[in-house]
Amino acid sequence: MKRLFREYDSKPFLYNVNTPDFQSFVTKLPEETIKKIKFDSFDFFRQVIHAANLNLKMEEAQAYGILSALLSTINAKETLSVTCDYFAVFDFMVDSLVADIFE
């Protein structure tokens, strides 16, 4: 998670969905493609959990939602960076949540 967050940080096009270019791209996609991308993302999550031999303490959907929300904090990096080290904030949250999500 920490490496993924840093990868997102180094490549804003991976998460910044509010740019005109991204919006233009998405509006050209068929609804079925958008649904497939969302499903593939959840399926990928399942595969990673299995490949890493991790056991969830909660339902998959809830764990996926929590981890997705955690990664979405990258959108607040400019606000956070004014007062603190946003990497340290993210790392703390990951360290705090992992024990509640995984056995």
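None of these values were measured; they are calculated from a predicted model.

Peer 1: Pulling in residues and values, what's your account of the overall build of the protein?
Peer 2: For the protein, the count of helices and strands is 6 helices and 0 strands. Order of helices (α) and strands (β) in the protein, N terminus to C terminus: α-α-α-α-α-α. The dimensions of the protein, computed from C-alpha atoms along their principal axes, are 40 × 35 × 20 Å. Across the 103 residues in the protein, those meeting the buried criterion constitute 18%. When contacts within the protein are restricted to residue pairs at least 6 apart in sequence, those whose partners lie at least 24 apart make up 65%. Of the roughly 7500 Å² of accessible surface on the protein, 60% is carried by carbon and sulfur atoms. Side-chain charges in the protein split into 11 positive and 15 negative, and the spacing between the mean points of these groups amounts to 3 Å.

Peer 1: Describe in detail the packing of aromatic side chains, supporting the description with residues and values.
Peer 2: Here the structure, examined in full by the defined rule, presents 7 aromatic pairs. Centre to centre, the rings of F42 and Y64 are 5.1 Å apart; their planes meet at 90 degrees, and the pair counts as edge-to-face. Residue F42 is located in helix α3 (residues 31–51), and its partner Y64 is located in helix α4 (residues 60–71); the two are separated by 22 residues in the primary sequence. In this structure F42 comes out as buried when scored by relative accessible area, which is 14%. In this structure Y64 comes out as partly exposed when scored by relative accessible area, which is 23%. Members of the aromatic cluster, each reached through a chain of ring pairs, are F5, Y86, F87 and F90.

Peer 1: So what's going on with empty space enclosed by the protein? Which residues, and what values?
Peer 2: Taken as a whole and assessed by the stated rule, the structure comprises 1 cavity of 30 Å³ or more. Of the voids in this model, the largest cavity is the one considered here, and its volume is about 30 Å³. Lining the largest cavity are F5, T73, A76, K77, L80, Y86, V89, F90 and M93. At the level of elements, α5 (77–83) and α6 (86–101) are the ones that each hand at least two residues to the lining of the largest cavity. With 4 residues, the top contributor of residues to the lining of the largest cavity is α6.

Cut-off values and rules
Residues numbered from 1 in each chain as written. Predicted model: local features only at pLDDT ≥ 70, side-chain atom pairs only at ≥ 80, totals over all residues. Heavy atoms only, no water. Helix = DSSP H or I, 4+ residues; strand = E, 2+ residues; numbered from the N terminus. Buried < 20%, exposed > 50% of the residue type's maximum accessible area, 1.4 Å probe, protein only. Contact = heavy atoms within 4.5 Å. Areas by Shrake-Rupley, 256 points an atom, 1.4 Å probe, with all protein chains shown as cover. Lys, Arg positive; Asp, Glu negative; His and termini not counted. Charge placed at Lys NZ, Arg CZ, Asp CG, Glu CD. Phe/Tyr/Trp six-rings, centres within 6.5 Å; stacked < 30°, edge-to-face > 60°. 1 Å grid on protein atoms, 1.4 Å probe; cavity = no way out; pocket = protein on both sides within 12 Å on 5 of 7 lines; lining within 4 Å. Points joined across faces, edges and corners; volume = space filled by probe spheres on them.

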